[in-house]
Amino acid sequence: MTDFFLILVSTALVNNFVLVQFLGLCPFMGVSNKLESAMGMAMATTFVLTLSSVASHLVYHGLLAPLNLEYLRIIAFIVVIAGVVQFTEMMVRKTSPLLHQVLGIFLPLITTNCAVLGVALLSLNRESTFMEATIYGFGAALGFSLVLVLFAAMRERIAVADVPRPFRGAAIAMITASLMSLAFMGFTGLVQV
Amino acid sequence: MGWVLVATFPGILMLTWHFGWGVITNVVTAAGLAVGLEALMVRLRGRAPLVALRDNSALLSGVLLGISLPPGSAWWLILVGTVAAIVVAKHLFGGLGQNPFNPAMVGYALLLISFPVAMTQWLSPQGLFGPEALSLGDVLVRWAGLAEASSLDSMSGATPLDAFKHKPEAVMASEFWASDPLPAGSLAAWRSVALAWLAGGALLLYKRLITWHIPIAMLGAMLVLTTLLYAIDPSHYGSPLFHLLGGAALFGAFFIATDPVSAATSRKGKLYYGAAIGILVMLIRSAGAYPDAVAFAVLLMNFAVPFIDYYTQPRTYGHAAPQRGIRLDPIDDDQERLP
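From a predicted model like this one, the values you see are computed outputs, not experimental measurements.

Enquirer: Teacher, can you tell me more about the overall build of chain B here?
Expert: Counting its regular elements, chain B contains 18 helices and two strands. For a compact globule of 339 residues, the expected C-alpha radius of gyration is about 20 Å, and chain B comes in at 22 Å, within 12% of that figure. Viewed in the frame of its principal axes, chain B has a C-alpha envelope of about 80 × 55 × 35 Å. Counting over 339 residues, chain B shows a buried share of 51%. Taken together, the 19 basic and 19 acidic charged side chains of chain B have centroids lying 12 Å from each other.

Structure follows, in C-alpha cells:
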C-alpha cells in the first residue's frame, strides 16, 4: 500500500511528466489557453493514460513477451493507444456532445501525446507489476492534469497582462512553464522510487 | 512599499548584529542592482524610469533577495539573482502588478539550484565585532569574489535546519543536540533573527499593509504539522519551536508569502494559499532534499494562485454563486440568461 502511494507521489510530483521529464508538452502548450477546455482535456487524458498503461502492460506481458516479439513493443503500444483514444472519443461523443465540441481536434491528438507512450515504455523499464503499472499511469495522469489545469488558469491571467510585445503568446508561456519547472525542483528527493 | 522597507529594518539589523557586514553588502548590492535593472527595463519599454522607481517596488524586491542570500555573497551571484528576479520574473510578465511569481523568490530558487555550494555557505554567527568576526575589508574581498576557497570553508557552517536535516538516521534528536553540532550561538542567533522578523511583521499588520490571513494560515499549518510529527516521533522530527523559529519561516510568512501581487486575493483564498505554503514547507523540510523550502513552497503556490482565485471569488451581493468548471449541461446556461 505504501509502495503504491510512493509511486503516486513520485509520478505526480517528483518526476512530474510535464515539468520534470518534459513529456507531453504539445497538449500542455496547445490546450492551456482556456481553463474549461484544459479541464476537459485533463479528464480525457487521465482516462486514456490509465487505461493505455494497463492495456500496454497486458499486451506486452500477455502477447509480446511469450512470443519473443519484444522488439515490436513501440508499434504495438501505439496501436493500443490509438485504440484506447478512439474508444474514449466515441464514449465522450455519446455521453457529452458539448465536451466533445469543446475538446474538438485535441481528443484524437491524445494519440500523439508523447507522455502516453512515455508512460507505457517507462513503466515497462521499471519492470512494474500489473497494479504498479496501473498506479504509475494514474499518477502520471494526475500530475499531468494538475499542471495543465493550473497552467491554464495562469495563462488566462497572463493573456490580459501587459507583456512586452516580443514576448507575447508562446514565448511568455514557455517562460512561465520554465519558472513552474523551477518550482517543481523543490520536490527533489521527496521519494526515491 | 516604503513601510514594508521600514518593517525589514529590525530583521536586517539583527542579521547584521549576528552575521556581520556581509548582510549589509548583500542588501545594498541587491537593492542597487534591482533599482538599476528596473530603470533599464522601464526605459527599454519606452516609459519614464523615474516614475516607475517612485513606488520602491524594485527596491523592496532587491532588499528581500539580499536578505535571503548567505551573508557576504559575491557580486556575480547577486547579479544573476537580481536579473532573474527583476528582468525575467517581473518585467517579462509586464512589470509591477502583473508578475505571477514572487520576483525575489524566483531569483533565490534559481540561485539555489544553479549554485548550490555558494548558496549553502552561511557564515557562522561571529557577531559584528566579535574576536573572529570578518572586518568590512574582508567582507569586501569576498564580495569581489577574490577570497580563497579554503578561507570560505573555515568561516562557514551549516544552518540549524541544514545540520538537523543531515543528522544520521540512527542518532536520536536528544543525542544530536547534546553533541553540540552547530557553531557556538547559532541557534540563539537564528531565533533572535526570527523574532526580529516577527516584530517587522507586527508593524506590517499594524499599518494594515497585510492582512492576518496568510501569515496565520501558514504558521498555523506548520504548527499543527510539526506538533503532529513531533508527537509521533520526537527523536527524528524537530520540535514545533525549532521549525517555527528556524530558517525562513517567519520571514517568509510575513514578507514573502504576503506579496500582494503574487498571492491569492480573496480572504478564503488567502487562507488556502497560506495553509498550503505551510504544508509544502513542512513536507519538503521533513521529507525532501532541501533543508528549507519557503522559496519553493511560495513559488509552487504562486503557480496555483490563479486557480485558487478562480474558485474563491466571493459571491456578489444580489447574485447567485457562480457555477464554475466545465458545463456539461446546456440547460444551466439557458436558466442563467432568464431574467
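Enquirer: What exactly am I supposed to notice about empty space enclosed by the protein here?
Expert: By rolling a water-sized probe across the atoms, one finds the places where empty space is left. Residues and elements named next belong to chain B. Taken as a whole and judged by the stated rule, the model has five cavities of 30 Å³ or more. Each pocket or cavity is described by its volume, and for the largest cavity that value is around 80 Å³. What lines the largest cavity is a set of twelve residues, and nearest its centre among them are Phe19, Gly20, Leu123, Gln126 and Leu134. Taken together, the residues of the lining of the largest cavity break down into seven nonpolar, five polar and no charged.

Enquirer: When you look at the interface of chain B and chain A in this model, what are you seeing that I'm missing?
Expert: Buried accessible area, meaning the area lost when the parts come together, often serves as the stated size of an interface. Taken together, the contact pairs 37 residues of chain B with 37 residues of chain A. Both sides together, the interface formed by chain B and chain A hides about 3,300 Å², and carbon and sulfur atoms give 78% of it. If you look at where chain B meets chain A, you find three salt bridges. Linking chain B with chain A are five residue pairs in polar contact (both at pLDDT 80 or more), by the criterion used here. Those elements giving two or more residues to the side of chain B that touches chain A turn out to be α5 (75-91), α6 (103-114), α16 (267-287) and α17 (294-311) of chain B. Split into classes, the residues belonging to the side of chain B that touches chain A amount to 27 nonpolar, six polar and four charged.

Enquirer: What is the right way to look at the side chain of threonine 134 of chain A in this model?
Expert: With respect to the helices and strands, threonine 134 of chain A occurs in helix α7 (residues 130-159). Contacts of threonine 134 of chain A, omitting those with residues within four sequence positions, involve Thr50 and Val54 of chain A.

Scoring rules and cut-offs
- Residues numbered from 1 in each chain as written.
- Chains lettered and ligands numbered in written order.
- Predicted model: local features only at pLDDT ≥ 70, side-chain atom pairs only at ≥ 80, totals over all residues.
- Heavy atoms only, no water.
- Helix = DSSP H or I, 4+ residues; strand = E, 2+ residues; numbered from the N terminus.
- Rg over C-alpha atoms; globule rule 2.2 N^0.38 Å.
- Buried < 20%, exposed > 50% of the residue type's maximum accessible area, 1.4 Å probe, protein only.
- Lys, Arg positive; Asp, Glu negative; His and termini not counted.
- Charge placed at Lys NZ, Arg CZ, Asp CG, Glu CD.
- 1 Å grid on protein atoms, 1.4 Å probe; cavity = no way out; pocket = protein on both sides within 12 Å on 5 of 7 lines; lining within 4 Å.
- Points joined across faces, edges and corners; volume = space filled by probe spheres on them.
- Nonpolar A, V, L, I, M, F, W, Y, C, P; charged D, E, K, R; others polar.
- Contact = heavy atoms within 4.5 Å.
- Buried area = accessible area lost by both parts, 1.4 Å probe.
- Salt bridge = Lys/Arg side-chain N within 4 Å of Asp/Glu carboxyl O.
- Polar contact = N/O pair within 3.5 Å; in protein donor to acceptor, adjacent residues only side chain to side chain.

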